[in-house]
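The chain contents come next:
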Amino acid sequence: MRRCFCILLCLVLLILCGCAAEKGEYFVEFSLSENLYAEGTRISEREREALEDEIGVLLNKIEDEVSTEKRSGDVYRLNSAEAGEEIVVGASAYGLLRLCKDVYEKTGGAFSPSLYNLSKLWGFTPEFEGRYHESRPEPSAAEIEKALKNSSFADIRLSEDFTVVKDNAETRIDFGGIAKGYMSDCVRAFLEEKYGEVSGTFSVMSNSVLMGEKQNDESGLGYTAVLENPRSLVTGGASRNGALYFIGLKDVAVSTSADNYRFYIYDGKIYAHIMNAATGKPSDNGVISVTVLVPLKTDNAGALADAYSTAGFCMPLTRSLAFYEELWKESGICAVVVTADFRYYVIGDCSVLQPKEYAELTNPALAESVENVFTRAETADAEDSVLPCEKEEQYMEAAAEAAH
Amino acid sequence: MNREEKIEQIKKKKYFVKGDVAVFAAALLLICAFFLFSFLMPEQKGEEFAVVYKNEEIFRASLLTDAEYVFYVSEGAGRVESYSAEKEYKDYNRISVQGGEVRVTGSDCPDHACEWQGSVRYGDIICLPHGLRIEIRGKGLETDV
């Protein structure tokens, strides 16, 4: 009897330990929609829940490989390697590095996965969690220059056989700008391998994938997506979380980079977590949010959406808009760029609605009480110098207050 | 009308003259209008509530599931978790969600104003001594992702 009790107690403790460990160790959050269909048949709730668990395990495995924090992971080993040391990495880290090389070249270095030293210097790496919002002065010019010298992606060499060599021992990789998009591609591949043709949606944090066409589409709007309101602290009315709404979507990966997650305010200025590889400082071009929509027919759609949204965030406005224009012509990629003067630019033919317009279509009772936040502007009228508008000043005050 | 005329009217037991009736009618009309306004205006029902401590949202949950939570301050940080009768809390507010409404059912704050507010389905509950605000939020516009 006593033995039974002991075993039972151990089991309960084990289960509890499992819960605690899982929550503390992993950072990436994942959610799978309920309207999930395989070859036209709805996947049952029970099966969907089991799938969520299975995908959770898959994502944790990738996170182990590519996180800067996991001591046994590839990125950690690469980051602590000496110059010239040959490091053999797994498929995820290698695949990501290959993709990064492509995007790095395509964006003229605006996207780079080797900015860990800069992120750390500015206090945005995970060890600063819980303190990201603390107001603090800029690091010195000498410190920035030193971190910048150790942040060149040209110092990372890839060879065909999964081997990576660093030319500078100090250079550190951080896949923060692409990993979640890459994970979303892995989830889609997993679902398609298991079920063939799938329709439904899922999100890996701010990266969403909308597969196939929406089933049971009562409103007839196709898939809809929200562009999160980065200024919800001071704007938005009855629906604060959304600033713009996409309708008529299908077969597309959507990713957003914005300045309202990891940031701090110092001396009336926002310091966001997205680093500008050219200046060594947090990106400061007046862009506050970028959403990129990549058709799923493009290879690595999720990873590209993630990386391209980061890249455009770091470019001067006119260059950013021209870059997305090129992507639109080349591969049908759409983008929405929001700036600190509360304007937004749409590149490509996606349907972007204001909150009031979207409310009229989906929930007319709210049309009066929701608030349009940003004003549409034409790309031809864009200028590189973006002056923060009055609302932006209000936001900075409110955000500084909240952080205090 | 001058004083004498008014006294004359009162003597005749005519307390209301035309002008008085007009004023009362206007007041009555306004009362009716406000009454109708407050009842007929579509009221946005809350679907979620958020617990805000020192201006920072620390917790959010649905109003559609009945549950008991507790807010407490530990080492200067506000926390919210499921309420447990066995545990002892300091600087706490017990938050109860029932039938889509939220109320504070117990607290060790000095004034207990939060408890006096009773059950609410929209608006805020505030506990000044603990720096706590419970905000009810509509979900707003919904999308697939």
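Remember, it's a predicted structure, so these values are computed and weren't measured experimentally.

On to the overall build of chain B, then. Across its full length, chain B carries three helices and eight strands. Radius of gyration (C-alpha) of chain B: 25 Å, far over the 15 Å computed for a compact globule of 145 residues. If you line up chain B on its principal axes, its C-alpha atoms span 75 × 45 × 25 Å. Taking all 145 residues of chain B together, the buried fraction comes to 28%. The contacts of chain B with a sequence gap of at least 6 include a subset with a gap of at least 24, amounting to 36%. Counting only carbon and sulfur atoms, one obtains 57% of the accessible surface of chain B, whose full area is about 9900 Å². Separation of charge centres in chain B, based on 19 positive and 24 negative side chains, amounts to 12 Å.

Before going further, it helps to examine the overall build of chain A. When you go through chain A residue by residue, the secondary structure sums to 11 helices and 20 strands. Here the C-alpha atoms of chain A give a radius of gyration of 22 Å, agreeing with the 22 Å that 2.2 N^0.38 yields for 404 residues. Within chain A, buried positions represent 52% of all 404 residues. Residue pairs in contact within chain A that sit at least 24 positions apart in sequence constitute 69% of those at least 6 positions apart. Carbon and sulfur atoms make up 51% of the accessible area of chain A, which totals about 19100 Å².

Further remarks concern helix α11 (residues 390-403) of chain A. All names here are of chain A. The end-to-end C-alpha separation of α11 is 20 Å, in line with the 20 Å expected for 14 residues at 1.5 Å each. Every buried residue belonging to α11 is among Glu392, Tyr395, Met396 and Ala399, and all of these are buried. Projected onto a plane normal to the axis of α11, the buried residues spread over an arc of 100° and lie on a single side. The exposed set on the far side of α11, more than 90 degrees from its buried face, consists of Glu390, Glu397 and Glu401. In the core, the buried residues of α11 are packed alongside β12 (263-266), β13 (269-272) and β16 (287-295).

What follows concerns the pairing of β16 of chain A. Residues and elements named next belong to chain A. Summarising burial for β16: nine of the nine residues are buried, a large majority. As paired elements, β16 and strand β17 (residues 334-339) share six bridges and run antiparallel to each other. Paired with Val287 across the strands is Thr339, a residue of β17.

Before going further, it helps to spend a moment on the environment of Arg319 of chain A. All names here are of chain A. With respect to the helices and strands, Arg319 occurs in helix α9 (residues 317-331). Taking the C-alpha atoms as reference points, Arg319 and Glu383, separated by 64 residues in sequence, lie 9.8 Å from one another. Leave out the neighbours within four places in its chain, and Arg319 touches Thr107, Gly108, Ala110 and Asp384. Within the structure, the side chain of Arg319 is placed 3.1 Å from the backbone oxygen of Thr107, a separation counted as a polar contact.

Annotation of chain B at the domain level lists domain 1 (3-40) and domain 2 (48-137). A C-alpha centroid distance of 47 Å is found between domain 1 of chain B and domain 2 of chain B.

All names here are of chain A. Strand order in the open sheet formed by three strands is β4-β6-β5, with antiparallel pairing between adjacent strands. Edge positions in the sheet fall to β4 (86-88) and β5 (156-158), since each of these pairs with one other strand and no more. Sheet twist, expressed as the mean angle between neighbouring strand axes with direction ignored, is 30°. One ladder, built from three bridges, connects β4 with strand β6 (residues 163-166); its direction is antiparallel. Bridging across to β6, Ile87 finds its partner in Val164. Sitting on the sheet, helix α4 (residues 91-106) touches β5 and β6, and the angle it makes with β5 is about 110°.

Residues and elements named next belong to chain A. Backbone geometry at Glu39 places phi at a positive 50°, although glycine is not the residue there. Even without a glycine there, the phi angle at Asp267 is positive, about 55°. Looking at Asp267, the relative accessible area reads 72%, which means it is exposed.

What follows is about a negative patch on the surface. All names here are of chain A. A cluster of acidic residues, Glu378, Asp381, Glu383 and Asp384, forms a negative patch at the surface. You can see Glu383 is positioned in the loop between β20 (375-376) and α11. For Glu383, a relative accessible area of 54% puts it in the exposed group.

Right, let's talk about the side chain of Asp74 of chain A for a bit. Residue and element names in this part refer to chain A. Mapped onto the elements of the fold, Asp74 is located in helix α3 (residues 74-79). On the basis of relative accessible area, Asp74 is assigned to the buried category, the value being 8%. In this structure Asp74 touches Glu65, Val88, Val89, Gly90 and Ala93, once residues within four positions along its chain are discounted.

Reading the values: the criteria
- In every chain, residue numbers begin from 1 and rise along the written sequence.
- Chain labels run from A onward and ligand labels from 1 onward, assigned in the order the entries are written.
- Only residues with pLDDT of 70 or above have their local features reported here, since the model is predicted, and side-chain atom pairs are shown and tallied only from 80 upward, although totals for entire chains, interfaces and linings are computed over all residues.
- Values reported for side chains reflect all heavy atoms of the structure, with hydrogen atoms and water molecules removed beforehand.
- Each helix is a run of DSSP H or I of at least 4 residues and each strand a run of E of at least 2, with the numbering of both proceeding from the N terminus.
- The quantity called the radius of gyration is restricted to C-alpha atoms. Its globule counterpart is 2.2 Å times the number of residues to the power 0.38.
- Any residue under 20% of the maximum accessible area for its type is buried, any over 50% is exposed, and the rest in between are partly exposed; the area is computed with a 1.4 Å probe on protein chains only.
- Should any heavy atoms of two residues lie within 4.5 Å, those residues are counted as being in contact.
- The protein chains shown are the only cover counted for residues, whose accessible areas, like all others here, come from Shrake-Rupley with a 1.4 Å probe.
- None of His or the chain ends enter the tally, which takes Lys and Arg as positive and Asp and Glu as negative.
- By convention, the charge on Lys lies at NZ, on Arg at CZ, on Asp at CG and on Glu at CD.
- Multiplying 1.5 Å by the helix residue count minus one yields the expected span of that helix.
- The arc in question is the one traced by the directions running from the helix axis out to the C-beta atoms.
- Strands were regarded as paired on the criterion that DSSP finds at least two bridges between them.
- For the purposes of these results, a polar contact is taken to be a pair of N or O atoms within 3.5 Å, where, inside protein, one atom must be able to donate a hydrogen and its partner to accept one; residues adjacent in sequence count only when each atom of the pair is a side-chain atom.
- By convention here, the domain bounds are inherited from an automatic or database domain assignment.
- Working convention: axes come from line fits to C-alpha atoms, limited for helices to the stretch in contact. Angles between N-to-C directions cover 0 to 180 degrees.
- Each patch is built from salt-bridge-free residues with over 30% relative accessible area, joining like charges within 9 Å and nonpolar side chains (Val, Leu, Ile, Met, Phe, Trp, Tyr) within 5 Å.
- Here a salt bridge means any side-chain nitrogen of Lys or Arg lying within 4 Å of a carboxyl oxygen belonging to Asp or Glu.

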